[in-house]
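Residue-level structure breakdown
Take a look at the letters that make up each chain.
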There are 2 protein chains.
Amino acid sequence: MSNTVYLDYHTAKPVDPRVLDEMMPWFTERFANPSSLHRDGDLATEALEASREKVAQFVNADNDEIIFTSGATESINLAIIGYMMKNRKRGNHLIISEVEHISIHNIAKYLERLGFNVSKVPVDQYGRVKLSKLERRVTDKTILISIQYANNEIGTVQNIQEIGEFANERGIAFHTDAVAAEGLVPINVERDNINLMSISSNDIYGPRGVGALVMRKRYRVNPVMIGGGQERGLRSGSEDIPGIVGMAKAAEIMQSEMDDEVRRFKAWRDRLIREVLSIIPDAHLNGHPTDRLASNAHFRFEGVEGEALLLSFKDKGISVSTGSACSSKTLEPSHTLISTGLLHEEAHDSLQLTIGRFTKNEDIDTVLKALPEIVGKLREMSPIYKGR
Amino acid sequence: MSNTVYLDYHTAKPVDPRVLDEMMPWFTERFANPSSLHRDGDLATEALEASREKVAQFVNADNDEIIFTSGATESINLAIIGYMMKNRKRGNHLIISEVEHISIHNIAKYLERLGFNVSKVPVDQYGRVKLSKLERRVTDKTILISIQYANNEIGTVQNIQEIGEFANERGIAFHTDAVAAEGLVPINVERDNINLMSISSNDIYGPRGVGALVMRKRYRVNPVMIGGGQERGLRSGSEDIPGIVGMAKAAEIMQSEMDDEVRRFKAWRDRLIREVLSIIPDAHLNGHPTDRLASNAHFRFEGVEGEALLLSFKDKGISVSTGSACSSKTLEPSHTLISTGLLHEEAHDSLQLTIGRFTKNEDIDTVLKALPEIVGKLREMSPIYKGR
């Protein structure tokens, strides 16, 4: 991807070369199974536990609160399905927000088919959950609230500490999908009143195929996969030591560099927002104007189809996105944008630009140069757009 | 592990350096999500589908019969739990063998708690399933038979073609856990009458954290994880492209080199068996004398605890195993050995030596030199062993 501009960091991130270096010996030299009783096995066990400690420190949890999984999807399954199954005697009601990732909406449907009840809290025009609305969804059967830390499309950051406190005061467990937020917002499960949290490795520039469930003490879940009993029976299957070592290194790097990185991203994000809104007529910002991820600029251009926009960018070797990766190959409009009050046709007019660790100043220049031309051309061809 | 001898290939394998080379660009350069509609996303999609083709060829399946998973454990969950759930209206009875991997025994217990019935077929002294015994377990509610291709401990290879035919003739689906066999026995799902098959990447010198379910046409399973709907809804979560590319390369290499490799392994295995049984008194071979994996030599030494043996080898920097990786940290005797008719104390007296791609002639020499001395010393200290 050397000669392309990539502003699609929310969808996929490269592995940091320093992470890859750390992983390398575990592929070919120190490859043993941590269950083995020989020296090579001991080395693998030590690496596994040292990695657990690094990931725990990254989110201010204890080592034994980290369960390594095959990625965010598995963590979320374990957290939500696992918690509802384990605690079904205490209640059968789950609350999620309208703007959760598609995987959580699909889990909600699955749980409903199993006889659970699920309520969805609406969000405001910026995609934020209001406590007053959440309050009206709580019943005496509610045992779990799952609200994302930040939105993976429009970048709006929730007031997680307040939502966590709200849940915990009522004796309701609180899970947060922190995949979009990790590495961009300082996460502290203790301060944020988080009981269960799903994180992924790739979202902090670690390898794919690895993630973690942070499960605080006193909280228990059922496994979703059955097997040899690794990870305290919650994640069976031989541990992916290179992947886990990579995730830990990624967490360590992120912890020391996040402040600088976020400062750099914010300057670019603010420049993107400022210039796009001033240069291009009938352009709007999606998501919260200030409480948004430092990496995220999400626009709507009246009369311009997001997909056409994306293909025009593709022709110029610029990789951007219209929304969530999972729904990008369907023609469905983003449920997140619909939830913030946009019409279907408005939701289709979106462009998501997301900044990452290897973004360069010239990438921002290139996009800012290309965008007005592309939007202009597409509007000329549009039968709908009238302009001002 | 450069200065140690490693004869524990059934437990964990290194990634072949050629596989790692193939994976490298997908970590840092071509890292996009296959769901993305830009050029980088197209590259990822192409790699995903090319990998699917290579894995399909390796087992003689069609491309669309390969579902990539996070590893063998997930494949097995998807195959067995997924099939039983999907087809429960047709019957609620599952048959497995006594010598299946611990994860399958745990899945059986899980299914029993959900109200399914599970029968276990016994095996003969070599660990082989007999059709006459299998026949007696079949009921009109039997919808799935799951028998391993080869045993992960004692290396006995089942007559899979015959078992598959037996199942298919009766309209019963046949799943095989081919993890121990892959790369050591030519697998052909068409010839072998296999309907569902679980394979892992690491067992053919690919990376950990990847595997596949081979699901033949007309066979359907329920997902065990819910999410964004990747892999036709059966394996949600962004695809681990470096891992999948690695598994495919591993399959490709294996396909072209397996014959030579197996020939080499067999010579070492036969030398190990011949010399150990002739040099060491009261030594026995576990598993089938000839229908066994080319990589596997599994012994029992009267009066010598496997764990003590293993620790003596550890002191000499030699990595070996007493049995399955998952149970090696418990004090339970191997359920496989018990199933072949050994007493608990006999099952504890075992040593598993497994050969792999990077085994050298000197490794075999070293072990053959160390073994008589270690066994002799341990027997001297043994209060039970009387010798002949």
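Residues numbered from 1 in each chain as written. Chains lettered and ligands numbered in written order. Predicted model: local features only at pLDDT ≥ 70, side-chain atom pairs only at ≥ 80, totals over all residues. Heavy atoms only, no water.

**Describing the overall build of chain A**
Scanning chain A for helices and strands turns up 11 helices and 12 strands. Relative to the 2.2 N^0.38 estimate, which gives 21 Å for 388 residues, the radius of gyration of chain A is 21 Å and therefore close to what a compact globule would have. Based on the C-alpha atoms only, the size of chain A along its principal axes is roughly 70 × 55 × 35 Å. For chain A, buried positions account for 64% of its 388 residues. (Helix = DSSP H or I, 4+ residues; strand = E, 2+ residues; numbered from the N terminus. Rg over C-alpha atoms; globule rule 2.2 N^0.38 Å. Buried < 20%, exposed > 50% of the residue type's maximum accessible area, 1.4 Å probe, protein only.)

**Let's talk about the sheet that holds strand E3 (residues 93-97) of chain B**
All names here are of chain B. Sheet architecture is open: 7 strands sit in the order E2-E8-E7-E6-E5-E3-E4, paired in mixed fashion. In this open sheet, the two strands that pair with only one neighbour each are strand E2 (66-69) and strand E4 (117-121). Taking the axes of each pair of neighbouring strands and ignoring which way they run, one obtains an average angle of 20° across the sheet. Strand direction decides the pairing type here: strand E6 (residues 173-177) and strand E7 (residues 196-200), joined by 3 bridges, are parallel. Among the inter-strand pairings, Thr176 is bridged to a residue of E7, identified as Met197. The strands that helix H3 (residues 72-86) touches are E2, E3, strand E5 (142-146), E6, E7 and strand E8 (211-215); relative to E7, the one it contacts most, it runs at about 165°. (Pairing = 2+ DSSP bridges. Axes fitted to C-alpha atoms, helices over the stretch in contact; angles between N-to-C directions. Contact = heavy atoms within 4.5 Å.)

**Structural notes on the side chain of B:His38**
Structurally, B:His38 is set in the loop between helix H1 (17-28) and helix H2 (39-59). Residue B:His38 is classed as buried on the basis of its relative accessible area, which comes to 1%. Within the structure, B:His38 has its side chain in polar contact with the side chain of A:Asp8 (distance 2.7 Å). Reaching out from B:His38, the side chain makes a polar contact with the side chain of A:Ser319 at a distance of 3.4 Å. When near neighbours in sequence (up to four residues on either side) are disregarded, B:His38 contacts A:Tyr6, A:Asp8, A:Leu310, A:Lys314, A:Ser319, A:Val320 and B:Ala32. (Polar contact = N/O pair within 3.5 Å; in protein donor to acceptor, adjacent residues only side chain to side chain.)

**Brief notes about the pattern of salt bridges**
By the definition in use, this model includes 58 salt bridges over all chains. Here B:Arg216 makes a salt bridge to B:Glu190, at a shortest N to O gap of 2.7 Å. Separated by 26 residues along the polypeptide, B:Arg216 in the loop between E8 and helix H7 (241-279) and B:Glu190 in the loop between E6 and E7 bring together distant segments of the chain. Judged by its relative accessible area of 14%, B:Arg216 is buried. A residue is classified by how much of its surface remains accessible, and B:Glu190, at 49% relative accessible area, is partly exposed. One network of salt bridges, with partners in common, ties together A:Asp62, A:Asp64, A:Glu65, A:Glu190, A:Arg216 and A:Lys217. (Salt bridge = Lys/Arg side-chain N within 4 Å of Asp/Glu carboxyl O.)

**Digging into the sheet that holds strand E10 (residues 296-301) of chain B**
Residue and element names in this part refer to chain B. Strand order in the open sheet formed by 3 strands is E9-E10-E12, and the pairing between neighbours is antiparallel. Of all the strands in the sheet, the pair left with one neighbour each is strand E9 (283-285) and strand E12 (350-354). Mean inter-strand twist for the sheet, computed between neighbouring axes without regard to direction, equals 25°. In this structure, E10 lies alongside E12, joined through 5 bridges in antiparallel fashion. In the strand pairing of E12, Arg300 is matched with Ser350. Set on the sheet, helix H11 (residues 361-381) makes contact with E9, E10 and E12; between it and E10 the angle comes to about 20°.

**Thoughts on the layout of surface pockets**
Put simply, the largest pocket is a space of about 1100 Å³. If you go around the largest pocket, you meet 37 residues; those closest to its centre are A:Met85, A:Tyr110, B:Met85, B:Tyr110 and B:Leu114. Elements represented by at least two residues in the lining of the largest pocket include exactly helix H3 (72-86) and helix H4 (102-113) of chain A together with H3 and helix H4 (102-113) of chain B. Considered class by class, the residues forming the lining of the largest pocket number 16 nonpolar, 13 polar and 8 charged. (1 Å grid on protein atoms, 1.4 Å probe; cavity = no way out; pocket = protein on both sides within 12 Å on 5 of 7 lines; lining within 4 Å. Points joined across faces, edges and corners; volume = space filled by probe spheres on them. Nonpolar A, V, L, I, M, F, W, Y, C, P; charged D, E, K, R; others polar.)

**A closer look at helix H6 (residues 160-169) of chain B**
Residue and element names in this part refer to chain B. Within H6 the residues assigned to the buried category are Ile160, Ile163, Gly164, Phe166 and Ala167. Summarising the axial view, the buried residues of H6 lie within an arc of 160°, below the 170-degree limit, and thus occupy one face. For H6, the secondary structure elements touched by its buried residues are helix H5 (131-137), E5 and E6. In the stretch just after H6, Gly171 is the one whose phi turns positive, near 70°. (Arc of directions from axis to C-beta.)

**So, the nonpolar core**
Residues A:Phe301, A:Phe313, B:Phe301 and B:Phe313 are the most contacted members of the largest nonpolar core, which totals 188 residues. With residues near it in sequence (within four places) discarded, A:Phe313 still touches A:Ile318, A:Val320, A:Leu351, A:Val367, A:Ala370, A:Leu371 and A:Ile374. (Core = buried A, V, L, I, M, F, W, Y, C linked by side-chain atoms within 4.5 Å.)

**Section: the relation of the copies chain B and chain A**
Superposing chain B onto chain A takes a rotation of 180° plus a shift of 0.0 Å along the axis, which leaves an RMSD of 0.0 Å. What the superposition gives is, in effect, a two-fold axis relating one chain to the other. A shared binding surface is used by both copies, with 100% of the interface residues of chain B retained as interface residues in chain A. (Least-squares fit on C-alpha atoms with pLDDT ≥ 70 in both.)

**Re the domain arrangement of chain A**
Residues and elements named next belong to chain A. Once the domains are mapped, chain A shows domain 1 (5-12 + 257-381) and domain 2 (17-253). Using only C-alpha atoms to locate each centre, domain 1 and domain 2 end up separated by 28 Å. At the interface, 32 residues of domain 1 touch 33 residues of domain 2. Each partner contributes to the roughly 2600 Å² buried at the junction of domain 1 and domain 2, and carbon and sulfur atoms together form 57% of this total. Applying the counting rule to domain 1 against domain 2 returns 2 salt bridges. Note that Asp291 is salt-bridged to Arg128, the shortest N-O span being 2.7 Å. At the surface where domain 1 touches domain 2, the tally comes to 13 residue pairs in polar contact (both at pLDDT 80 or more). When residues of the side of domain 1 that touches domain 2 are traced back to their parent elements, those giving at least two are helix H7 (241-279), strand E10 (296-301) and helix H9 (335-339). Element by element, the count of residues in the side of domain 1 that touches domain 2 is highest for H7, at 5 residues. Its residues assigned to classes, the side of domain 1 that touches domain 2 shows 10 nonpolar, 17 polar and 5 charged. (Domains from an automatic or database assignment. Buried area = accessible area lost by both parts, 1.4 Å probe.)

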